[in-house]
Every structure is written in C-alpha cells, then in structure tokens.
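For reference, the chains in residue letters:
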Amino acid sequence: MNTQKIKIEKSILLLDNWISQNGWTGFDPYDIKELPFIIKLTDLGNKYFFFEIIREILFELFLTFPNFSRKLLKIKPQINAKGMGLFAKSYLQLYNHFKKEEYLAKANECISWLDKNYSDKYEGKGWGYPFGWQSKKYIPKYTPNGIVTTAIGDAYWEMYKLTNDQKYLNTCKNICEFLVKLPIDKINETQICFSYTPIYTNHVHNLNLFVAEFLIRIGKEIANQEWIELGIAATNYTVSNQLGNGAFDYNGPPEKPQNMIDNYHTGFVIRQLYAIWKLTNDEKYYKSLELCYNHYINNFFIDKTIPKLTPTRKYRLDIHSCAEAINCLSDLSEIFTEGKQIAVNVANWTIENLQDEKGYFYHGIFKSRIFQNEYKSKIPYMRWAQAWMMRGLSNLLKVI
C-alpha cells in the first residue's frame with residue numbers, strides 16, 4: 001500500500017474516532033448569526049455604514065473567540081441535517097473501501113436520523129438548517145432548501161446503489177417532488193433557474209446546478225422526462241451566464257452580481273457540471289466545465305497546494321475550501337488527471353496544518369482585519385469542517 005493512502009486512512013480514522021466520542025452534535029459558523037440582535041444588526045449594517053462597522057467588529061470577535069462567543073451567547077450545539085447527509089455518503093464510501101460493517105452501521109444511523117427529521121410542511125421531502133438565517137428575507141430554521149436536500153439525496157442514492165432497495169429510490173423521488181416545487185424563474189423557452197428555498201425567488205448558480213443534476217440523475221433512473229428537461233433547462237441558464245474567464249459569480253441575473261467568486265462555491269459548480277455532462281454527454285457542458293476548471297486550477301491555489309479563498313485573497317484559509325478542493329479534484333481526476341496530485345497536496349497540507357491531534361479539523365487560518373495578525377480558529381465545526389473533510393478524504397481514497 002502506498003504511503004499516501006496510509007496517511008489519508010490514518011487521518012480518516014482519527015477523525016472517525018473523534019466523531020464517535022463526540023457524537024453528531026456540534027456548532028456551525030452560522031448558528032450565532034440567527035440571534036435576533038445579530039439579524040437586526042445585519043439589516044441595519046446593510047443600510048448604514050456605522051452599523052456595518054459595529055457588525056464587522058462583532059463578527060471579528062466571533063471568529064477570534066468562537067467558543068467563548070457561543071458560551072457567552074448561550075448557543076447550543078445541534079445536529080445538522082446536511083452534516084448527516086455528508087457523513088452518510090462518506091461512511092458508505094468507507095464501507096466500500098474498508099469492507100467493515102461498522103461503517104455501514106454508521107451510514108444507516110445517519111440515514112435513520114434523516115428519515116425522522118425531514119420537513120413535513122412542503123410537498124415531497126426536504127431538509128434545512130437547524131438555525132435561521134438572513135437573506136433577502138429571514139429564513140426560519142428547518143426551512144427545507146435545495147442545497148441541504150440534494151446533499152442528503154446523494155446519500156440516499158448511494159444507499160440505493162449499494163443495496164438496490166427501492167425504499168431509498170422512493171426517497172430520492174420524494175426529494176425530486178420537493179425540488180420541482182421550489183420557485184422557478186422561467187428565463188426563456190430553454191432556460192430556468194431554481195430558487196434556494198420555497199420562501200422567495202432568487203438566482204444562485206451552485207444551488208441551481210445541485211438541483212438540476214439531482215433531477216436529471218433520478219429522472220434518468222425512473223424515466224421521468226419532465227425532471228430531465230427541467231434539469232437541462234436549469235443547466236442551460238447557468239452555463240449561459242458563465243463569465244468570459246470561465247468563472248461563475250455566486251449570483252445569476254437578474255440578481256445584482258455579488259462579485260463573489262470563491263473557492264468552495266466554484267468547486268460545487270465544477271462538480272455538478274461534471275456530473276451533468278456525464279449524464280447528458282452534451283458537449284457545451286463539457287466546454288463550460290473545462291473553462292471553469294482551468295480558471296479554478298490556475299487561480300485558487302498557492303503552489304498547487306494551499307486553497308485561497310478567492311483568486312485575489314489568500315485569507316481565510318478555510319477548511320471548507322480545503323475539503324471541497326479535495327472532493328472536487330478527486331472527482332475530476334477521471335478526466336483531468338493532474339487534479340489528483342493537487343487533491344493529494346491539499347489533503348497533506350490540511351492534515352498537517354488544520355487537523356488536531358485529537359482528530360477533528362479546525363475552522364481555518366485567518367488574518368485579523370483589525371490587528372493584521374495570522375491566527376488559527378480551532379473550533380471543531382461539525383457540518384462545515386468535520387462532515388466536509390470526511391466527505392473529501394473518503395472521496396480521495398477512491399482515486400489514490
């Protein structure tokens with residue numbers, strides 16, 4: 001066995017042991033932002049510069065002292081449905097790799113929790129975050145959304161492919177029934193865009209592609225042409241709004257551009273474009289994928305090893321960027337072979353710099369806006385760090 005695989009396996013075993021001792025509950029970078037006074041301050045900060053300064057100072061303190069802030073504000077750790085979906089998929093991959101029943105048992109434990117904790121307020125099955133969050137409107141906690149739901153759907157699909165048990169495929173169909181009821185903006189006869197939540201219409205490229213890919217995948221499995229066509233129309237919208245350099249802004253028109261092109265959302269878009277291209281064999285999707293992939297490789301990494309937050313910003317060196325880079329480049333290494341070595345480089349750097357000796361992964365390395373010093377945020381976020389790193393590393397094991 002090669003030494004690199006041994007290193008990745010050891011890292012996964014350390015993380016798994018920590019999770020076994022800790023349980024599924026944990027904190028999240030966004031849990032603290034659902035407090036009423038933070039929501040009010042965010043709203044005021046969007047309108048008045050003075051409150052924006054106060055907000056930024058508070059958020060700086062939250063990042064610098066994450067555990068103390070949550071203790072002070074009485075934030076309780078929670079189980080995050082998206083984390084459970086990511087863990088379920090990861091443990092199924094580990095089961096396939098190690099052939100140990102304990103990993104299948106953990107995947108089943110995650111699936112069992114998800115079976116009992118979906119939203120019953122909308123048609124089909126959907127899951128949301130265990131905290132509220134502010135966007136155009138306030139999104140109450142547990143409101144199902146397309147991002148969380150498709151991540152969970154991926155786990156049910158993996159379980160279906162492993163067991164051939166129709167109940168998991170039935171859940172995938174229930175998920176599609178939720179997804180097609182999300183608000184849809186019909187741009188023209190060949191383009192649509194799915195919205196993030198049932199609350200209002202918006203245009204977010206990575207969400208749109210997650211929904212599109214899942215509809216096409218399940219649509220092909222059960223011969224539902226309507227779902228396939230909806231997924232293709234959604235993909236057409238996103239591909240048509242690709243920037244000239246290959247990147248995608250977080251928002252799509254007619255939303256005001258956020259001018260936010262970051263590492264992990266770019267990875268999400270690339271991964272879904274790749275999956276959709278494999279499902280459809282449409283050459284225009286491959287060309288879009290190739291253009292975005294080349295922009296990603298050439299602009300988001302220091303020495304093809306350290307994932308920058310954006311093409312022009314090094315900090316924050318976020319565990320989310322690390323995990324998605326490993327995950328995305330592992331998938332894409334099937335056609336872009338140099339991606340495997342970059343994924344290995346990122347994994348090595350992340351393990352050496354952001355994994356605690358107890359097994360969990362830190363939030364990342366930050367540079368203070370106030371004091372300009374570099375520091376590590378060592379809080380063990382469950383969804384943002386542990387679930388995504390388990391997902392990335394288990395995926396990397398498949399290709400090294």
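Residues numbered from 1 in each chain as written. Predicted model: local features only at pLDDT ≥ 70, side-chain atom pairs only at ≥ 80, totals over all residues. Heavy atoms only, no water.

**Student:** Explain the overall build of the protein chain residue by residue, including any values.
**Tutor:** When helices and strands are counted, the protein chain shows 15 helices and nine strands. For 400 residues, the compact-globule estimate of 2.2 N^0.38 gives 21 Å, and the protein chain sits close to it at 20 Å. Judged by the C-alpha coordinates and their principal axes, the protein chain covers about 55 × 55 × 45 Å. Sequence-distant contacts, at least 24 apart, represent 68% of the contacts inside the protein chain between residues at least 6 apart. About 17,300 Å² of surface is accessible on the protein chain, with carbon and sulfur atoms providing 52% of the total. (Helix = DSSP H or I, 4+ residues; strand = E, 2+ residues; numbered from the N terminus. Rg over C-alpha atoms; globule rule 2.2 N^0.38 Å. Contact = heavy atoms within 4.5 Å. Areas by Shrake-Rupley, 256 points an atom, 1.4 Å probe, with all protein chains shown as cover.)

**Student:** With reference to specific residues and values, describe the pattern of salt bridges.
**Tutor:** As a working rule, side chains carrying opposite charge can pair if their charged atoms are close by. Under the definition given, this model contains 14 salt bridges. Connected through salt bridges with shared partners, the residues Lys89, Asp154, Glu158, Glu213, Arg217 and Arg391 form a single ionic network. (Salt bridge = Lys/Arg side-chain N within 4 Å of Asp/Glu carboxyl O.)

**Student:** Break down helix 7 (residues 146-163) for me, citing the residues and quoting the values.
**Tutor:** Its 18 residues place the ends of helix 7 25 Å apart at the C-alpha level, agreeing with the 26 Å of an ideal helix rising 1.5 Å per residue. In terms of residue burial, helix 7 counts as a mostly covered element, since 15 of its 18 residues are buried. One or two residues past the end of helix 7 sits Asn164, with phi positive at roughly 60 degrees. (Expected span 1.5 Å × (residues − 1). Buried < 20%, exposed > 50% of the residue type's maximum accessible area, 1.4 Å probe, protein only.)

**Student:** Requested: an account of empty space enclosed by the protein, with residues and values cited.
**Tutor:** Counting across every chain of the model gives two cavities of 30 Å³ or more. Reported here for the largest cavity is a volume of approximately 60 Å³. Lining the largest cavity we find Val204, His205, Asn206, Phe248, Asp249, Tyr250, Met260, Ile261, Asp262, His265, Thr266 and Val269. When contributions to the lining of the largest cavity are tallied by element, the ones reaching two or more residues are helix 9 (205-222) and helix 11 (263-280). At three residues, helix 11 tops the list of elements feeding residues into the lining of the largest cavity. Counted by class, the lining of the largest cavity contains six nonpolar, four polar and two charged residues. Of the voids in this model, the second largest cavity is the one considered here, and its volume is about 40 Å³. Lining the second largest cavity we find Gly26, Phe27, Asp28, Gln78, Asn80, Pro130, Phe131, Met382 and Arg383. Classifying every residue of the lining of the second largest cavity gives four nonpolar, three polar and two charged. (1 Å grid on protein atoms, 1.4 Å probe; cavity = no way out; pocket = protein on both sides within 12 Å on 5 of 7 lines; lining within 4 Å. Points joined across faces, edges and corners; volume = space filled by probe spheres on them. Nonpolar A, V, L, I, M, F, W, Y, C, P; charged D, E, K, R; others polar.)

**Student:** Tell me about unusual backbone geometry, and please be specific about residues and values.
**Tutor:** Note that the residue after Pro253, namely Pro254, is joined by a cis bond; omega there is 10 degrees. The omega angle of the peptide bond from Tyr315 to Arg316 is 10 degrees, so this bond is cis rather than trans. Phi is positive for Asn259, close to 50 degrees, though the residue is something other than glycine. Structurally, Asn259 is set in the loop between helix 10 (225-240) and helix 11. Even without glycine at this site, Lys304 takes up a positive phi of about 50 degrees. With respect to the helices and strands, Lys304 occurs in the loop between strand 5 (301-302) and strand 6 (306-307). The exposure class assigned to Lys304 is partly exposed, which follows from its relative accessible area of 49%.

**Student:** I'd like to hear about the pairing of strand 3 (residues 184-188), residue by residue, with values.
**Tutor:** In terms of strand pairing, strand 3 meets strand 4 (residues 191-194) through four bridges, oriented antiparallel. Bridge pairing links Asn188 to Gln191 in strand 4. (Pairing = 2+ DSSP bridges.)

**Student:** Tell me about helix 10, and name the residues and values.
**Tutor:** At 3.6 residues per turn, the α-helix brings residues three or four places apart onto the same side. In a regular helix each residue adds 1.5 Å, so 16 residues correspond to 22 Å; helix 10 covers 22 Å between its end C-alpha atoms and thus fits that length. If you check which residues of helix 10 are buried, you get Trp227, Ile228, Leu230, Gly231, Ala233, Ala234, Thr235, Asn236, Tyr237, Thr238 and Val239. For helix 10, the secondary structure elements touched by its buried residues are helix 8 (166-179), strand 3, strand 4, helix 9, helix 11 and helix 12 (283-299). Among the residues of helix 10, the N-terminal cap falls to Asn224, whose side-chain oxygen and the backbone nitrogen of Glu226 are separated by 3.2 Å. (Polar contact = N/O pair within 3.5 Å; in protein donor to acceptor, adjacent residues only side chain to side chain.)

**Student:** Describe in detail the environment of Met389, supporting the description with residues and values.
**Tutor:** Topologically, Met389 is positioned in helix 15 (residues 382-397). The exposure class of Met389 is buried, given its relative accessible area of 0%. Here the alpha-carbon distance between Met389 and Ser11, two residues 378 residues apart in the chain, equals 9.9 Å.

**Student:** So what about the layout of surface pockets? Which residues, and what values?
**Tutor:** Once rolled over the atoms, a probe with the size of a water molecule shows which space is left empty. Of the volumes computed, that of the second largest pocket is approximately 720 Å³. Surrounding the second largest pocket, 32 residues form its lining, Lys89, Asp154, Arg217, Asp331 and Arg391 being those nearest its centre. Breaking the lining of the second largest pocket down by element, the ones donating at least two residues are helix 5 (81-98), helix 7, helix 9, helix 11, helix 13 (319-332) and helix 15. Ranked by residues supplied to the lining of the second largest pocket, first place goes to helix 7 with eight residues.

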